[in-house]
Protein chains: 2
Amino acid sequence: MSPRSNPTRHLQKLLGPEQVRTDHESRYTASMDNLRYSILPEAVLFPADEEAVATILRMANDTGQPVTPRGAGSATTGATSPVQGGWVLDLSGWKQLHVDPLSRMAYCQPGVVLSRLDEVASIHGLLYAPDPGSARYATVGGTIATNAGGLRGAKYGVTRDYVQALEGFLPTGEFVRWGADLRKFAAGFNLRDLWIGSEGTLGVITGAVLRLLPRPLTRKSCLAVFPGHREALLAVQQILQSGLEPAAMEFLDAQTLHCTLTFWQEKEASLLRHLPPCLQAAPATAAVLLIEFDGSEEATATDLRTVTGLLQDAAIGFATAANGNERESLWKIRRSCSQAMFTLGPRKLNEDVVVPLRKEAALLDFLEELGKETGLPTPTFGHAADGNFHAHLMFDDADEEASRRAAEGVDALMRKVIELGGAISGEHGIGMAKSPYLRLQHGDAEIRAMQAVKSALDPANILNPGKIWTSCEVHRLPRETVRLPWDH
Amino acid sequence: MSPRSNPTRHLQKLLGPEQVRTDHESRYTASMDNLRYSILPEAVLFPADEEAVATILRMANDTGQPVTPRGAGSATTGATSPVQGGWVLDLSGWKQLHVDPLSRMAYCQPGVVLSRLDEVASIHGLLYAPDPGSARYATVGGTIATNAGGLRGAKYGVTRDYVQALEGFLPTGEFVRWGADLRKFAAGFNLRDLWIGSEGTLGVITGAVLRLLPRPLTRKSCLAVFPGHREALLAVQQILQSGLEPAAMEFLDAQTLHCTLTFWQEKEASLLRHLPPCLQAAPATAAVLLIEFDGSEEATATDLRTVTGLLQDAAIGFATAANGNERESLWKIRRSCSQAMFTLGPRKLNEDVVVPLRKEAALLDFLEELGKETGLPTPTFGHAADGNFHAHLMFDDADEEASRRAAEGVDALMRKVIELGGAISGEHGIGMAKSPYLRLQHGDAEIRAMQAVKSALDPANILNPGKIWTSCEVHRLPRETVRLPWDH
């Protein structure tokens, strides 16, 4: 039997049934990510070691078998759905982790979960700065593949800013190492950063060296309520121009705030009593900034005094978290707002757009108008210090008309974002969900150059095919009703 | 006349003699960089605008004419020598600069000089963090092309960490934009970071958006003298493990210290009186750390107290700069040591190697031994907090035997660096000078992948050909005796 006639059976003979699984449960689990668009792969591969990864890729490259690398599968864009079938390469079990406190570097296998990495870093008084909302699930490999962001982006940057070195395999099965576990490296082309954010289409990451920072000693949080989003987003500019550098500055629009408080009343009433009165008394149009400073005790205290002074005229309510419970309550609002939106509709289109700081209010004005035009809720929250907003359209996908309006709404949103000088994705990547809009962001010459690089590095087009370049109508994709590990 | 028969004359007809210069003086100036290896180009191009850049590249791509982009020409590796003739594309006159204090971004044309950028940033209370030794000459475009580093690398990173967006031209003459003037961007492959550090071989940069930081309010410097390099480099580890983050921590070995003080006695005797007594009384084997902290008045004062306490046993001499004159004297030692080395020999091989922090003393041990074996001075200084050392071999290139020993010495040094887990270049790049060692750093699969990317993006191989991959014997290259702008 030649590998070409049945690559999966051939691979199973070579690596055994534990490494090459073809049972339905394994295939179904690997068939989707958080977009919940399910396409069954032929097999799910759990390679035992690097030699197995090389064997898999060599065979895939020889036979043209699609290979979709997978970490936790918490991507929101369909980047991990094996849309052309073939094999899913699951590296979530590769969990070795070692921290060097002298060089402040973490040596990670790709399956290490971010919250575990930060926990081990904290033992050494260190911090892993990138903090996507999925940190309790998402893996090092997956967050590198998507160049994940998070709340601390404005002060600390994104995943890319913390990757010193990568090792792994080219689609041909050849082992490579990009960068080094050194703070400076200027020898040859930088394919490390080309791999970062390429969504598993250029190489398979089997190891990463990540940079850690000294862990801030203190965090101090406060919350400000504004009459509406314009006042809140003007305050963002004032804060940044004052020279303050919040570790996080989260914006919640009126719809988000309202649905989250409603959700709490139903599900987490016990926590409501820790909420500051200013929030409970907020008017229907109120928008909120949730601000955190980190650093030394003195510096954070000074920052909090400065921001209190800055906001005293513009804010109609202001609260600082006086203790751990109060801080926990404030941040719980932010952490639960994504889930709370389902009180506004059963299906969500979630766009992680970015706009320049001066255009934040224009974006929110547009979204308010868009809600009126489409008749759909458009709750929006985001990382106001770096212009990265999570804009949502909530709709019922059993309603064909509402689905159409949601799709048209996203299309209009993306065009507006580009008009404002922004980006169609700040931290989720393209995958399938953003693929219709890639050509709004990039011109022909740019796309051709990217595709030339793809062809040069993956001539047989085996790694995660059908993504980024292949446009799809995401709102029409069927969506599995399934409970994933991060669902509440 | 077809462009192919005489591309230079054809281009001159299109763009005029001001933009296409063929006089000897222009060609000689553009014929070399700080390696001083002179190859005359056919013409030096000073494009008036972006359309001219597109015209130039389209014609070069059609006719196979080599194009070598050039900023200040302060590269040390020969990266800017037009070794295959053709055209030098000089963008040092493109000097437009605009700073947005809200987004903390600088919009720069490629010819903006770094010290000018930082000066304008400082007006807004901002800092451009990358600080190569050449900052008073080097341009934005050139430092992006080489991913320049500098003294502040351990705390602040390198050029790459501050580039938000690039715009410019593919070798085919097509305009492209990589990244955006936004803090987050995750849409498509990252060709921005592929261009950064590619030494002008993948694209021509005509604009850059660079990130600025809040400018530290205070700087405080101190100097510690140790019995030898081992004690100094052990102290580096102690300092870093204590959680301190010096903005700079410069190491000078005994040879560097000695030749610099000698140089001063001859050239700058008036400054000598500001030197701390501990330095004037240093024994012949003494090595030095020059440490600077930046931040708030309180934080830097605390840092200085902490480091004083940490070093009180290991250091045989210690001084803090009590005023501006004393600080200036301390840093003048560091700034003049590169020039001072010529008191040890007329020709210098300057290698900007990197090693892991734990291997710094092993590198210096090796260099001491190498000096004995070759009979050549091996003065070494460097950025001790990030393991990036400038190791030198001083020799007389009129002496054939000494030249051979110097070349063999560099070869042995590069092998040692790789054995220690280091890098052959931390901040200068490969150019011509490091090309013989690229294959020590990268395996066949890595080189092939880099070359596949080069072929994909520059199919006619017109941009800066003959660099990085083409090995040359740098110590045999003739060297012009010419006074360049940065020579004292």
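Cut-offs applied
- Residues numbered from 1 in each chain as written.
- Chains lettered and ligands numbered in written order.
- Predicted model: local features only at pLDDT ≥ 70, side-chain atom pairs only at ≥ 80, totals over all residues.
- Heavy atoms only, no water.
- Pairing = 2+ DSSP bridges.
- Helix = DSSP H or I, 4+ residues; strand = E, 2+ residues; numbered from the N terminus.
- Axes fitted to C-alpha atoms, helices over the stretch in contact; angles between N-to-C directions.
- Domains from an automatic or database assignment.
- Contact = heavy atoms within 4.5 Å.
- Buried area = accessible area lost by both parts, 1.4 Å probe.
- Polar contact = N/O pair within 3.5 Å; in protein donor to acceptor, adjacent residues only side chain to side chain.
- Nonpolar A, V, L, I, M, F, W, Y, C, P; charged D, E, K, R; others polar.
- Least-squares fit on C-alpha atoms with pLDDT ≥ 70 in both.
- Salt bridge = Lys/Arg side-chain N within 4 Å of Asp/Glu carboxyl O.
- Buried < 20%, exposed > 50% of the residue type's maximum accessible area, 1.4 Å probe, protein only.
- Expected span 1.5 Å × (residues − 1).

A. The arrangement of the sheet that holds strand β5 (residues 97–100) of chain A in detail. Residues and elements named next belong to chain A. What the 5 strands build is an open sheet, ordered β5-β6-β10-β8-β9; its pairing is antiparallel. Of all strands in the sheet, those with a lone pairing partner are β5 and β9 (175–179), marking the two edges. Sheet twist, expressed as the mean angle between neighbouring strand axes with direction ignored, is 15 degrees. Relative to strand β10 (residues 204–211), strand β6 (residues 105–108) runs antiparallel, the two sharing 4 bridges. The residue bridging Tyr107 from the neighbouring strand is Val209, located in β10.

B. Broad picture of the domain arrangement of chain A. Residue and element names in this part refer to chain A. When its domains are assigned, chain A resolves into domain 1 (7–90), domain 2 (97–214), domain 3 (218–340) and domain 4 (344–457). For domain 1 and domain 2, the distance between their C-alpha centres works out to 22 Å. Each partner contributes residues to the interface: domain 1 has 12 residues there, and domain 2 has 15 residues. Buried surface at the junction of domain 1 and domain 2, both sides included, amounts to about 1100 Å², of which 67% is carbon and sulfur. On the domain 1 side of the interface with domain 2, the three residues burying the most area are Glu50, Leu57 and Pro69, jointly 39% of the side's total. At the surface where domain 1 touches domain 2, the tally comes to 1 residue pair in polar contact (both at pLDDT 80 or more). Top contributing element to the side of domain 1 that touches domain 2 by residue count: helix α3 (residues 50–63), with 6 residues. Residue composition of the side of domain 1 that touches domain 2, grouped by class: 7 nonpolar, 3 polar and 2 charged.

C. Structural view of the sheet that holds strand β1 (residues 20–21) of chain B. All names here are of chain B. Taken in spatial order, the 4 strands line up as β1-β2-β4-β3 in an open sheet, and their pairing is mixed. Lying at the two open borders of the sheet, with one neighbouring strand each, are β1 and β3 (67–70). Where β3 and strand β4 (residues 87–90) come together, 4 bridges link them in parallel fashion. Note on β4: the bridge partner recorded for Arg70 is Asp90.

D. Representation of the relation of the copies chain B and chain A. Once chain B is rotated about the relating axis by 180 degrees and shifted along it by 0.0 Å, it coincides with chain A to within an RMSD of 0.0 Å. Taken together, the rotation and translation describe the operation of a two-fold axis. In this assembly the copies share their binding face: 99% of the residues contributing to the interface of chain B also contribute to that of chain A.

E. Quick look at the interface of chain B and chain A. The partner chain A presents 78 residues to the 79 residues of chain B that form the contact. Together, the buried faces of chain B and chain A total about 5800 Å²; carbon and sulfur atoms form 62% of this surface. Broken down residue by residue, the surface that chain B buries against chain A is led by Leu102, Lys184 and Phe189 of chain B, which jointly contribute 17%. Taken together, the links from chain B to chain A amount to 10 salt bridges. Here Lys184 of chain B ties to Asp386 of chain A by a salt bridge, and the two come within 3.1 Å at their closest N and O atoms. Between chain B and chain A we count 30 residue pairs in polar contact (both at pLDDT 80 or more) in total.

F. Spatial organisation of the environment of Leu357 of chain B. For Leu357 of chain B, the position within the fold is in the loop between β16 (347–354) and α14 (360–374). On the accessibility criterion, Leu357 of chain B (12% relative accessible area) is buried. Between the C-alpha atoms of Leu357 of chain B and Leu233 of chain B, which are 124 residues apart in sequence, the distance is 8.6 Å. Setting aside residues up to four positions removed in sequence, Leu357 of chain B forms contacts with Leu102 and Ser103 of chain A together with Gln237, Leu240, Ala384, Ala385, Asp386 and Gly387 of chain B.

G. Up close: helix α9 (residues 254–267) of chain A. Residue and element names in this part refer to chain A. Under the 1.5 Å per step criterion, the end-to-end length of α9 is 20 Å for 14 residues, consistent within 8% with the ideal 20 Å. The set of residues buried in α9 consists of Ala254, Thr256, Leu257, Cys259, Thr260, Leu261, Phe263 and Trp264. Turning to α9, the residues buried within the fold contact β13 (248–252), α10 (269–272), α11 (277–280), β14 (287–295), α13 (324–340) and β17 (380–383). Taking the backbone nitrogen of Gln255 as reference, a side-chain oxygen 3.3 Å away marks Asp253 as the first, capping residue of α9.

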